[in-house]
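# Secondary and tertiary structure notes
Listed below, chain by chain, are the residues.
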2 protein chains.
Amino acid sequence: MAQEEVQNGGTEKVAEVSFTALKPQLMVEAPKAADAVQFYKSAFGAVEAGRTVYPKRKAEQEQPHVLSAQLELAGSTILVSDIADNSTPVKTEGTGCVLCLETEDVEAAIAKAVSAGGVAEGEVTEGDGACCGGRVGKVKDPYGYVWLICSPAKKCGDAEA
Amino acid sequence: MAQEEVQNGGTEKVAEVSFTALKPQLMVEAPKAADAVQFYKSAFGAVEAGRTVYPKRKAEQEQPHVLSAQLELAGSTILVSDIADNSTPVKTEGTGCVLCLETEDVEAAIAKAVSAGGVAEGEVTEGDGACCGGRVGKVKDPYGYVWLICSPAKKCGDAEA
């Protein structure tokens, strides 16, 4: 661990900072954010808590631009936003953020998501530890995001699985 | 809304499903997950709650393969994982998941993340609604993920900003 601490900057003093919330924001090709919100409601039972939009600026525009729709899901908040050409958030270069959703009934959850328009990928597998859980299945949503549907997590540990 | 409901499948009956947790899983190019965990601790004060690893399988391997490290951050859980050639999660095709972190002190949070090795992008801006908040700045971490550092969210609404 000493190795990582050196590369992380060393002696510079920085303020204590505390964070009050973490919200994954799913960027969606405009103007599909409204459809994506509807999908997350149908597929996962997400509840919309609010939406901030820009009004239509062009006559031919059918939907307002969604700056941010706030969805409550599994005790967390996710944001769904239309990507604009001039938007602040840029396309991430990460190797990919996947969303793990824990449920007691993995098969029923996958069936419901597929019924709403998601695509199941692969089989439900047991115990590869990806979610620190037991059974894991995978659904890709129509907006390109991958959801891992997992049985509830055991405590992660150095199981050396 | 009726429009979206039609495309979401209509009459097929599906079971009620409830979800107990949502955890963003950040996939990181192997074997950098351990470094990424250290970065999230230094930059954001994340606390590691557990880690599941595969033991070293090759003599030349310096670090075990991280299946999943569980980090507590801002009341949420994130998972950080090494991507393996044969891993279950695939690279997402979404236009990009961004992580919004809310804090009372946006500038101090950005300074701390930069001190840990992140790169600040652009200026701190006011009120574009991306996080339903007020002030928003952006930090890209060394693993390609974009974090929006936001002042605490106001209730999202149809503000027609």
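By the naming in an unreviewed UniProt entry, chain A goes by VOC domain-containing protein and is assigned to Gossypium arboreum.

It is worth spelling out the overall build of chain A at this point. Looking only at helices and strands, chain A features three helices and eight strands. Written out in order from the N terminus, the α and β elements of chain A read α-β-α-β-β-β-β-α-β-β-β. In chain A, which comprises 161 residues, the share counted as buried stands at 54%. Sequence separation of at least 24 residues holds for 53% of the intrachain contacts in chain A that already meet a minimum separation of 6. With the model as given, the accessible surface of chain A reaches about 7,200 Å², and the carbon-plus-sulfur share is 50%.

Residues and elements named next belong to chain B. Relative to the 16 Å expected for 12 residues at 1.5 Å per residue, helix H2 (residues 33-44) spans 16 Å between its end C-alpha atoms, a close match to the ideal helical length. Counting buried positions over the 12 residues of H2 gives 10, a clear majority of the element. When H2 is considered as a whole, its buried residues turn out to be Ala33, Ala34, Asp35, Ala36, Val37, Gln38, Phe39, Tyr40, Ala43 and Phe44. Count one or two residues on from H2 and you reach Gly45, which has phi positive near 75°.

Before going further, it helps to examine the side chain of A:Thr103. The residue A:Thr103 is located in strand E5 (residues 97-103) in this model. Judged by relative accessible area, A:Thr103 falls into the buried class, the value being 1%. Polar side-chain contacts of A:Thr103 include one of 2.7 Å to the backbone oxygen of B:Ser18. Setting aside chain neighbours within four positions, we find A:Thr103 in contact with A:Ala109, A:Ile149, A:Cys150, A:Ser151, A:Pro152, B:Val17, B:Ser18, B:Phe19 and B:Thr20.

For the structure on display, the rule yields zero disulfides over all chains. A:Cys97 takes part in no disulfide bond, and the closest cysteine sulfur to it belongs to B:Cys97, at a distance of 3.3 Å.

Right, let's talk about the sheet that holds strand E7 (residues 135-140) of chain B for a bit. The eight strands are arranged E2(A)-E3(A)-E4(A)-E1(A)-E5(B)-E8(B)-E7(B)-E6(B) in an open sheet whose pairing can be described as mixed. At either end of the open sheet lies a strand with only one pairing partner, and these are strand E2 (47-54) of chain A together with strand E6 (119-126) of chain B. For this sheet, the mean angle separating the axes of adjacent strands, direction not counted, is 20°. Two elements, E2(A) and strand E3 (residues 65-73) of chain A, share seven bridges in a ladder whose sense is antiparallel. Looking at E3(A), one finds that A:Val47 is bridged to A:Glu72. Against the sheet, helix H3 (residues 106-115) of chain B touches strand E1 (19-29) of chain A together with strand E5 (97-103), E6, E7 and strand E8 (146-150) of chain B, its axis set at about 5° to E7(B).

Attention now moves to the environment of A:Ala153. With respect to the secondary-structure elements, A:Ala153 resides in the segment after strand E8 (146-150). C-alpha of A:Ala153 to C-alpha of A:Thr103: the two residues are 50 residues apart in sequence and 9.4 Å apart in space.

This brings us to the packing of aromatic side chains. Each aromatic ring pair is specified by the distance between its two centres and by the angle formed by the two planes. Under the criterion given, the structure shown has 15 aromatic pairs over all chains. Ring geometry for A:Phe44 against B:Phe19: centres 5.9 Å apart, planes inclined by 80°, an arrangement best described as edge-to-face. With A:Phe44 in helix H2 (residues 33-44) and B:Phe19 in strand E1 (residues 19-29), this residue pair bridges two chains. Owing to a relative accessible area of 12%, B:Phe19 belongs among the buried residues under this scheme. Centre to centre, the rings of B:Phe39 and B:Tyr40 are 5.5 Å apart; their planes meet at 75°, and the pair counts as edge-to-face.

All right, on to the pattern of salt bridges then. All names here are of chain A. Going through the model one piece at a time under the given rule, you end up with 14 salt bridges over all chains. Close ionic contact of Arg51 with Glu48 constitutes a salt bridge, the shortest N to O distance being 2.7 Å. Judged by relative accessible area, which is 14%, Arg51 ranks as buried. Its relative accessible area of 24% is what places Glu48 among the partly exposed residues. Salt-bridge contacts for Arg135 lead to Glu107; the nearest nitrogen and oxygen are separated by 2.1 Å. Linking Arg135 in strand E7 (residues 135-140) with Glu107 in helix H3 (residues 106-115), this pair joins segments that are 28 residues apart in sequence. For Arg135, a relative accessible area of 29% corresponds to the partly exposed category. Residue classification places Glu107 among the partly exposed positions, given a relative accessible area of 38%. Several salt bridges converge on common partners, so that one network encompasses Lys41, Glu48 and Arg51.

Residues and elements named next belong to chain A. In this model, Ala30 is joined to Pro31 through a cis peptide bond whose omega is 0°. Position of Pro31 among the secondary structure elements: in the loop between E1 and H2. One non-glycine residue, Ala74, lies in positive phi territory at about 55°. Positionally, Ala74 belongs in the loop between E3 and strand E4 (76-83). Residue Ala74 is classed as buried on the basis of its relative accessible area, which comes to 17%.

About the cut-offs
- Residues numbered from 1 in each chain as written.
- Chains lettered and ligands numbered in written order.
- Predicted model: local features only at pLDDT ≥ 70, side-chain atom pairs only at ≥ 80, totals over all residues.
- Heavy atoms only, no water.
- Helix = DSSP H or I, 4+ residues; strand = E, 2+ residues; numbered from the N terminus.
- Buried < 20%, exposed > 50% of the residue type's maximum accessible area, 1.4 Å probe, protein only.
- Contact = heavy atoms within 4.5 Å.
- Areas by Shrake-Rupley, 256 points an atom, 1.4 Å probe, with all protein chains shown as cover.
- Expected span 1.5 Å × (residues − 1).
- Polar contact = N/O pair within 3.5 Å; in protein donor to acceptor, adjacent residues only side chain to side chain.
- Disulfide = S-S within 2.5 Å.
- Pairing = 2+ DSSP bridges.
- Axes fitted to C-alpha atoms, helices over the stretch in contact; angles between N-to-C directions.
- Phe/Tyr/Trp six-rings, centres within 6.5 Å; stacked < 30°, edge-to-face > 60°.
- Salt bridge = Lys/Arg side-chain N within 4 Å of Asp/Glu carboxyl O.

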